[in-house]
Amino acid sequence: MKKLLFLLAVLVVPFMIVAQPMDTLTTYFEDFDTAPYKVTISTSINPPAPDWTPSTTLYRSSPQSIHSPVDVDGNITSIFTDTIRVRRDLNHTYVYLMFDQICKVNNLDEAYIDYRISTGTTPSGNLTWSSWTQIQFTPTSSFYYGGATNIVGGKFTDQAYTIWNSANMSATPTQAWWKHELFDISQFVVGTSNTHFQIRFRMRKTSPQGSGTQNCAGWFIDNVRLLSSLTEIIP
């Protein structure tokens, strides 16, 4: 059933995006084709250089995606979106996260999706935020409509899809490796009072020194989109 829903999503959602019906709105989109990007990029590996940089070799939409290698020293590399508004003014109660990815990250390491929601404002009017929270999911989670078959602890690794060749850490990704992901994140980011939210992609080497997992190609991400909707896209 999940595979059927995923197939329907792949076929139907792109048409909804183009048509943009009155009850569905793209509230955020970043394809990493033209700088400046609508993300904040960590600088933990070699400050002040960004940890994530454009890849013109692998991309879901031409001419490029964004990519981070696996840092041998275990530094966290991350990107998080600009502030996204919860569209209560349109009575939207559904929010969907879509993106394309190649996650050539070993199962001993971490590649997570996090979120945080606004909690109020400072006296000067700046937003205050909750702590980052990891989205915990499995292939059978009711809010996950991607095609991954092996997800443990809510993290993406090269075991998620057979084509990512988890048996060979040094395998070189190709264009055929791209996978499309779709999450209904309504329950996480549409709270009772928050006005905004953000999404973060976070990666870290947690395997022992000498494991060699840093030889994996890392995480490639493209076409990050947030949809806000009055009704369920996938009922």
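Keep in mind the model is a prediction, meaning the values are calculated, not measured.

Enquirer: If you had to explain the side chain of arginine 87 to someone new, which residues and values would you point to?
Expert: By secondary structure assignment, the location of arginine 87 is in the loop between strand E6 (84–85) and strand E7 (94–104). In this structure the side chain of arginine 87 is engaged in a polar contact, spanning 2.7 Å, whose partner is the side chain of aspartate 89. Dropping the residues within four chain positions of it, arginine 87 is found in contact with Leu25, Thr27, His92 and Ser228.

Enquirer: Can you lay out the pattern of salt bridges for me, pointing to particular residues and giving the numbers?
Expert: With the rule as written, the count across this model stands at seven salt bridges. Of the charged contacts, one joins lysine 38 and glutamate 30 as a salt bridge, the two residues approaching to 3.6 Å between their closest N and O atoms. What makes glutamate 30 buried here is its relative accessible area of 3%. Of the charged contacts, one joins aspartate 114 and arginine 200 as a salt bridge, the two residues approaching to 2.9 Å between their closest N and O atoms. Remark: arginine 200 occurs in strand E12 (residues 196–204) and aspartate 114 occurs in strand E8 (residues 110–121); sequence separation between them is 86 residues. With a relative accessible area of 15%, arginine 200 lands in the buried category. By sharing partners, the salt bridges in this structure join Glu110, Asp114, Arg200 and Arg202 into a single network.

Enquirer: Which residues make up the packing of aromatic side chains, and what values go with them?
Expert: One pass over the full model with this rule turns up 15 aromatic pairs. Ring centres of phenylalanine 32 and tyrosine 37 lie 5.7 Å apart, and the angle between their planes is 65 degrees; this geometry places the pair in the edge-to-face category. Take phenylalanine 32 and tyrosine 37: they sit in the same class, and that class is buried. With a centroid separation of 5.4 Å and an interplanar angle of 55 degrees, the aromatic rings of phenylalanine 80 and tryptophan 132 are classed as tilted. In this pair, phenylalanine 80 sits in strand E5 (residues 77–81) while tryptophan 132 sits in the loop between strand E9 (127–129) and strand E10 (133–134), placing the two residues 52 residues apart along the sequence. Overall, phenylalanine 80 belongs to the buried group, its relative accessible area being 18%.

Enquirer: Give a detailed account of the environment of tryptophan 129, specifying residues and quantitative values.
Expert: With respect to the helices, strands and loops of the structure, tryptophan 129 is situated in strand E9. Given the relative accessible area of 23%, tryptophan 129 is considered partly exposed. Along the primary structure tryptophan 129 and arginine 116 are separated by 13 residues, whereas in three dimensions their C-alpha atoms are 6.7 Å apart. Dropping the residues within four chain positions of it, tryptophan 129 is found in contact with Thr83, Arg116, Ile117, Ser118, Thr119, His196, Phe197 and Gln198.

Calculation notes
Residues numbered from 1 in each chain as written. Predicted model: local features only at pLDDT ≥ 70, side-chain atom pairs only at ≥ 80, totals over all residues. Heavy atoms only, no water. Helix = DSSP H or I, 4+ residues; strand = E, 2+ residues; numbered from the N terminus. Polar contact = N/O pair within 3.5 Å; in protein donor to acceptor, adjacent residues only side chain to side chain. Contact = heavy atoms within 4.5 Å. Salt bridge = Lys/Arg side-chain N within 4 Å of Asp/Glu carboxyl O. Buried < 20%, exposed > 50% of the residue type's maximum accessible area, 1.4 Å probe, protein only. Phe/Tyr/Trp six-rings, centres within 6.5 Å; stacked < 30°, edge-to-face > 60°.

It is worth stressing that arrangement in space is one thing and function is another; only the former is reported here.
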